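Now for the letters of each chain:
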Amino acid sequence: MSKTKVEIDADLEDLIPQFLDNRKNDIDALEKLVEQKDLSAISQLAHKIKGAASSYGFAELGELASQMEIQAKNNQSANLKDLVKKMKVHFHSIEVHYVKI
Amino acid sequence: MPEEKSRLLIVEDDADIRKLLKHFLQEFVDEIVEAEDGATALQYIKSEEFDTILSDIEMPQMNGLKLLANLRSLGQMTPFVVLTAHGDHTRALEALSLGAFDFITKDSKRKLVIESVCAALKFGREMKSSKNDPVRSSHLRKIYADMSKSSEMRLRKIIEGMTS
């Protein structure tokens, strides 16, 4: 699988493993919610992932979460399965590179 | 008399974001208190004094806008900085019209977070030390309103840029 390089401030190195563990759990939970078609819970959890991902500098993950949040809020469930799959694939392809900012 | 400690209240329901903000700001403030929703923050505000409140908007129990409205109804002018998700500018605009000092989007770089919160902390400390000086207090309230207005104008420009 091809890797997605994400550059993160080296100052955050100690925080990133826990952050990634928590997002992995979030994405697993999101996948279950998509199966259950619980749009309100999907919107809330996607909003949470969006905020956390963008705060830590994982822009693409944040963007995918944002798309899911919008679609769930607008009761559009057709693409949610594809989006969560895309999010999962993207997440597992992430390769963090710590850089001095 | 020794100088009072500077105190910041961070209100955010996501533990990872609270941890990140604390990491960014801990060297610039003596004490950071954390609350995971507006209702818990309100309890702290009623019994303790802070120099700045940095708060998320979307939260369970009580959101950031209601927290800000409650704070002002208690007569507290503590500088209030709102933290918004990227693209959620309408809510930030609402917060500024309710009297927020500034706004930060969650994808902001560390430098911007530090600058905004440090400016608010400095202002909060000045307001606290002028509590018994009505002339200075009133002057500071005017400056606060101007700064809030300037944050609002900055945000309106961002929104215009996004829609054009």
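Because the structure is a prediction, the values reported are computed rather than measured.

**Quick word on the packing of helix α4 (residues 89-97) of chain B against helix α6 (residues 134-163) of chain B**
Residues and elements named next belong to chain B.
1) Next: Two numbers describe how α4 lies on α6: the axes approach to 10 Å, and their chain directions differ by 160°. The angle between α4 and α6 places the two elements in the roughly antiparallel class. Between α4 and α6 lies a crossing of left-handed hand. Touching His89, Ala92, Leu93 and Leu96 of α4 are Ser148, Ser151, Glu152, Leu155, Arg156, Ile158, Ile159 and Met162, all from α6.
2) Next: Within the contact of α4 with α6, the residues separate by chemical class into seven nonpolar, three polar and two charged.

**Some points on the packing of aromatic side chains**
1) Next: Considering all chains together, one arrives at five aromatic pairs over all chains under this definition.
2) Next: Pairing Phe101(B) with Tyr144(B) gives two aromatic rings, centres 5.2 Å apart and planes at 50°, and the pair type is tilted. Of this pair, Phe101(B) sits in the loop between α4 and β5 (102-105) while Tyr144(B) sits in helix α6, placing them 43 residues apart in sequence. Of the two residues, Phe101(B) and Tyr144(B), both sit in the buried class.
3) Next: For the ring pair Phe123(B) and Tyr144(B), a centre distance of 5.9 Å and an interplane angle of 55° mean the geometry is tilted. Placement of the pair is Phe123(B) in helix α5 (residues 110-129) and Tyr144(B) in helix α6, with a sequence separation of 21 residues.
4) Next: A network of ring pairs unites the aromatic residues Phe19(A), Tyr56(A) and Phe58(A) as a single cluster.

**Some details on the pattern of salt bridges**
1) Next: Throughout the structure, instances matching the rule amount to 27 salt bridges over all chains.
2) Next: The partner of Arg23(A) in a salt bridge is Asp26(A), and the shortest N-O contact between them spans 2.9 Å. Linking Arg23(A) with Asp26(A), this pair stays in helix α1 (residues 16-36), spanning three residues, or about one helical turn.
3) Next: Linking Asp51(B) and Arg125(B) is a salt bridge whose minimum nitrogen-to-oxygen distance equals 3.9 Å. Pair noted here: Asp51(B) is in the loop between α2 (38-47) and β3 (52-56) and Arg125(B) is in helix α5, with a separation of 74 residues, a long-range link.

**Regarding unusual backbone geometry**
Residue and element names in this part refer to chain A.
1) Next: Even without being a glycine, Lys37 presents a positive backbone phi close to 55°.
2) Next: Secondary-structure assignment places Lys37 in the loop between α1 and α2 (39-56).
3) Next: Lys37 sits in the exposed class, given a relative accessible area of 62%.

**A look at the packing of α2(B) against helix α3 (residues 64-73) of chain B**
Residues and elements named next belong to chain B.
1) Next: It is at 9 Å that the axes of α2 and α3 come closest, and there the two elements cross at 20°. Considering their axes alone, α2 and α3 lie roughly parallel with respect to each other. For the pair α2 and α3, the sense of crossing is right-handed. Here Gly38, Ala41, Leu42 and Ile45 of α2 come into contact with α3, specifically with Leu67, Asn70 and Leu71.
2) Next: When grouped by side-chain class, the residues that make up the contact of α2 with α3 number five nonpolar, two polar and no charged.

**Some points on the environment of Lys5(A)**
Residues and elements named next belong to chain A.
1) Next: Along the chain, Lys5 falls in strand β1 (residues 4-9).
2) Next: In the structure, Lys5 is positioned 81 residues away from Lys86 in sequence and 16 Å away in space, judged by C-alpha atoms.
3) Next: Excluding its chain neighbours within four sequence positions, the residues that come into contact with Lys5 are Glu95 and His97.

Cut-offs and rules
Residues numbered from 1 in each chain as written. Chains lettered and ligands numbered in written order. Predicted model: local features only at pLDDT ≥ 70, side-chain atom pairs only at ≥ 80, totals over all residues. Heavy atoms only, no water. Axes fitted to C-alpha atoms, helices over the stretch in contact; angles between N-to-C directions. Helix = DSSP H or I, 4+ residues; strand = E, 2+ residues; numbered from the N terminus. Parallel < 35°, antiparallel > 145°, perpendicular 65-115°, else oblique. Left-handed = near helix turned anticlockwise from the far one by under 90°. Contact = heavy atoms within 4.5 Å. Nonpolar A, V, L, I, M, F, W, Y, C, P; charged D, E, K, R; others polar. Phe/Tyr/Trp six-rings, centres within 6.5 Å; stacked < 30°, edge-to-face > 60°. Buried < 20%, exposed > 50% of the residue type's maximum accessible area, 1.4 Å probe, protein only. Salt bridge = Lys/Arg side-chain N within 4 Å of Asp/Glu carboxyl O.

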